[in-house]
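# Descriptive analysis of the structure
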Amino acid sequence: MFKVHVVTRLFQRGAGSPDVSFDWPEFEQRCQVYEQMLDSPHVSRIDVGVISEPGNPLTEIADGNGDTPTMRALKDRFTDDEVRPIAVTRWGPNPGSASALNAVIAALPEGSSDGHVFICSPELEFRGDLFQLAISLATRPSDTVKPLDVVGFYRERWFDRVQWQVPQHTGALVYLPSLRKVGGIAERCNGSGETVPLYVDELRKKIDVPIAGMEDFYTQLLMMRDVRDFSWGMVGEDNPLIWNTDFPKDSDRWRNHVTKVARQETVMKYWAKELFPDLSWEEVLQRFKRHQVVPQSVVATKFF
């Protein structure tokens, strides 16, 4: 039976501070997704990175045992064989921290690093049928063909954004031997404070957005450059997953979300130029597209 560890991040900004209440309904919503994953025969365990970095404005506050509120809640809700929270003390400025994912992967049990892991966000719906299809595509049962390096999942309205047409760590199977060849998930993408002005339609104004995130795309570009026979795929084109990001309009979470989505293509172009300075953006995309493996039951769609 093919089984994978799930690698994910979960935290509530400032939880544990005297003036910040723990959001139990939000926590419960995330736990329901974890329970769906644990029902899959292909999931070994869920390993969750939780920020515990002193001085970081995103951090949760740890108790005397080193546990943050999210860590305590997970330990109360699940056994250690089901969900294991991991304190990440070097997170960085970006909520979608590449360092956190690397820390969780580094803490996986010995022997679990020879195949794929499932990197995901609990905002993305989990469906066993698509997970099975992704596993079948990723493993390509053959002794002579290397497994796919990355397999992602289409989300609703995937055709609206170029970043939703390639694997993202919102939900992706990643082949660890290839990930190790490029030095892990690209922590370059945590951000260095560099910004670029961008007009955000939903906010109706131009703001400075960080050159950060899209560590998934950056890492895949490294694989395309450095890993022999690099290949990737996507599943769910005709039955995409629900992405639960309907945050209250004008809330901080809504503003952060629409800003992140708006900047992602700009960040992708920035990373592409950094890694392939002699190619245009369109040439990088077309080269990347040539490495895609399409499920046999799907007719290839012209993307980008």
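Throughout this description, residue numbers start from 1 for each chain and increase along the sequence as written. In keeping with the predicted nature of the model, local features appear solely for residues at pLDDT of at least 70, side-chain atom pairs appear and are counted solely at 80 or more, and the whole-chain, interface and lining totals rest on all residues. Computation of side-chain values: all heavy atoms of the structure, hydrogens and water removed.

## Some words on the overall build of the protein
Counting from the N terminus, the helices are DSSP H or I runs at least four residues long and the strands are E runs at least two residues long. From N to C terminus, the protein includes 8 helices and 9 strands. For the radius of gyration, the atom set is restricted to C-alpha positions; the globular benchmark scales as 2.2 Å times the number of residues to the power 0.38. The globule rule puts the C-alpha radius of gyration for 304 residues at 19 Å, and the 19 Å found for the protein is close to it. With respect to the principal axes defined by its C-alpha atoms, the protein has extents near 55 × 50 × 35 Å. Each residue's exposure class comes from its accessible area (1.4 Å probe, protein chains only) as a fraction of the maximum for that residue type: buried when under 20%, exposed when over 50%, partly exposed otherwise. For the protein, buried positions account for 55% of its 304 residues. A contact between two residues is defined here by any heavy atoms of the two lying within 4.5 Å. Within the protein, contacts between residues separated by at least 24 positions form 76% of all contacts whose residues are at least 6 apart in sequence.

## Quick word on helix 6 (residues 215-226)
A helix's residues, less one, multiplied by 1.5 Å, set its expected span. For helix 6, with 12 residues, the first-to-last C-alpha span of 16 Å sits near the 16 Å given by 1.5 Å per residue. Among the 12 residues in helix 6, 10 count as buried, and that is most of the element. Listing the buried residues of helix 6 in full gives Glu-215, Asp-216, Phe-217, Tyr-218, Thr-219, Gln-220, Leu-221, Leu-222, Met-223 and Met-224.

## Quick word on the nonpolar core
Met-37, Leu-74, Phe-118, Phe-131, Leu-173 and Leu-221 are the most contacted members of the largest nonpolar core, which has 89 residues in total. In contact with Leu-74, not counting residues within four places along its chain, are Leu-10, Phe-27, Cys-31, Tyr-34, Val-48, Val-83 and Pro-85. Counting residues in hydrophobic clusters, the runner-up holds 8 residues, among them Leu-203, Val-209, Phe-247 and Trp-254. Working definition of a nonpolar core: buried Ala, Val, Leu, Ile, Met, Phe, Trp, Tyr and Cys residues. They are joined through side-chain atoms within 4.5 Å.

## Quick word on the packing of helix 1 (residues 24-38) against helix 2 (residues 69-77)
The axes are straight lines fitted to the C-alpha atoms, using for helices just the contacting stretch, and the angles between their N-to-C directions are given from 0 to 180°. For the pair helix 1 and helix 2, interaxial distance at closest approach is 12 Å and the crossing angle is 50°. Classified by the interaxial angle, the pair formed by helix 1 and helix 2 is oblique. As for the relative orientation of helix 1 and helix 2, their crossing is right-handed in sense. Here helix 1 contributes Trp-24, Phe-27, Glu-28, Cys-31, Tyr-34 and Glu-35 to the contact with helix 2, which in turn contributes Thr-70, Ala-73, Leu-74 and Arg-77. Polarity classes work like this: nonpolar for Ala, Val, Leu, Ile, Met, Phe, Trp, Tyr, Cys and Pro, charged for Asp, Glu, Lys and Arg, and polar for all others, with Gly in that last group. A class-by-class count of the residues in the contact of helix 1 with helix 2 yields 6 nonpolar, 1 polar and 3 charged. Put simply, angles under 35 degrees are roughly parallel, angles over 145 are roughly antiparallel, angles from 65 to 115 are roughly perpendicular, and the rest are oblique. Crossing chirality is assigned from the near helix's rotation relative to the far helix, an anticlockwise turn below a right angle marking it left-handed and a clockwise turn marking it right-handed.

## Some points on the pattern of salt bridges
The salt bridge criterion pairs a side-chain nitrogen of Lys or Arg with a carboxyl oxygen of Asp or Glu, the two atoms within 4 Å. In total, this model carries 18 salt bridges according to the counting rule given. For the salt bridge of Glu-125 with Arg-127, the shortest nitrogen-to-oxygen distance reads 3.6 Å. What makes Glu-125 partly exposed here is its relative accessible area of 22%. Residues joined by salt bridges that share partners form a network here, namely Glu-28, Glu-35 and Arg-77.

## A few points about the sheet that holds strand 9 (residues 232-235)
Spatially, 7 strands are ordered 3-2-1-4-6-5-9 in an open sheet, and the strand pairing comes out mixed. The sheet is open, and its two edges are formed by strand 3 (83-88) and strand 9, each paired on a single side. Across the sheet, the mean angle separating the axes of adjacent strands is 20° when strand polarity is ignored. As paired strands, strand 4 (residues 116-120) and strand 6 (residues 171-175) are joined by 5 bridges and run antiparallel to one another. From the neighbouring strand, Ile-119 faces strand 6, where its bridge partner is Ala-172. Helix-sheet contacts for helix 1 involve strand 1 (4-9), strand 2 (43-51), strand 3 and strand 4, and the interaxial angle to strand 2 is about 155°. Each of strand 2 and strand 3 touches helix 2; the most contacted strand, strand 3, lies at about 165° to it. Two strands qualify as a pair provided DSSP detects at least 2 bridges between them.

## Regarding the pairing of strand 4
Burial analysis of strand 4 places 5 of its 5 residues in the buried class, which makes it a mostly covered element. Burial along strand 4 is two-sided: the face carrying His-116, Phe-118 and Cys-120 and the face carrying Val-117 and Ile-119 are both buried.

## Topic: the layout of surface pockets
Using a grid of 1 Å spacing that covers the protein atoms alone, one calls a set of points a cavity when a 1.4 Å probe fits there but cannot get out, and a pocket when the set is open and has protein on both sides within 12 Å along at least five of seven lines; lining residues are those with an atom within 4 Å of a point. Grid points are joined across faces, edges and corners, and a volume is the space filled by probe spheres set on the points. Computed from the structure, the second largest pocket encloses a volume of approximately 330 Å³. As for the second largest pocket, its lining consists of 13 residues, and the residues nearest its centre are Trp-164, Trp-243, Thr-245, His-257 and Val-261. Along the lines of polarity and charge, the residues of the lining of the second largest pocket split into 4 nonpolar, 2 polar and 7 charged.

## Remarks on empty space enclosed by the protein
Taken as a whole and judged by the stated rule, the model has 3 cavities of 30 Å³ or more. Reported here for the largest cavity is a volume of approximately 80 Å³. Elements with a contribution of two residues or more to the lining of the largest cavity: strand 4 and helix 4 (128-139). Taken together, the residues that form the lining of the largest cavity break down as 9 nonpolar, 2 polar and 2 charged.

## Points about the state of the cysteines
Count a disulfide wherever a pair of cysteine sulfur atoms falls within 2.5 Å. Under the counting rule described, the total for this entry stands at 0 disulfides. Free cysteine Cys-31: the closest other cysteine sulfur is in Cys-120, separated by 13 Å. Since its relative accessible area comes to 4%, Cys-120 is described here as buried.

## Digging into helix 1
Compared with an ideal rise of 1.5 Å per residue, which puts 15 residues at 21 Å, helix 1 spans 20 Å between its outermost C-alpha atoms and is within 8% of the ideal. When we look at burial in helix 1, the residues that qualify are Glu-26, Phe-27, Arg-30, Cys-31, Val-33, Tyr-34 and Met-37. Along the long axis of helix 1, the arc covered by the buried residues comes to 155°, so they all point the same way. Counted as exposed and oriented over 90 degrees from the buried face of helix 1: Trp-24 and Pro-25. Of the surrounding elements, those touching the buried residues of helix 1 are strand 1, strand 2, helix 2, strand 4 and helix 7 (252-275). Structurally, the start of helix 1 carries an N-cap: the backbone nitrogen of Glu-26 is 3.1 Å from a side-chain oxygen of Asp-23. As used here, the arc belongs to the directions running from the helix axis to the C-beta atoms. Polar contact is defined as a pair of N or O atoms within 3.5 Å, subject to the rule that within protein one atom must be able to donate a hydrogen and the other to accept it, and that residues adjacent in sequence are counted only when both atoms are side-chain atoms.

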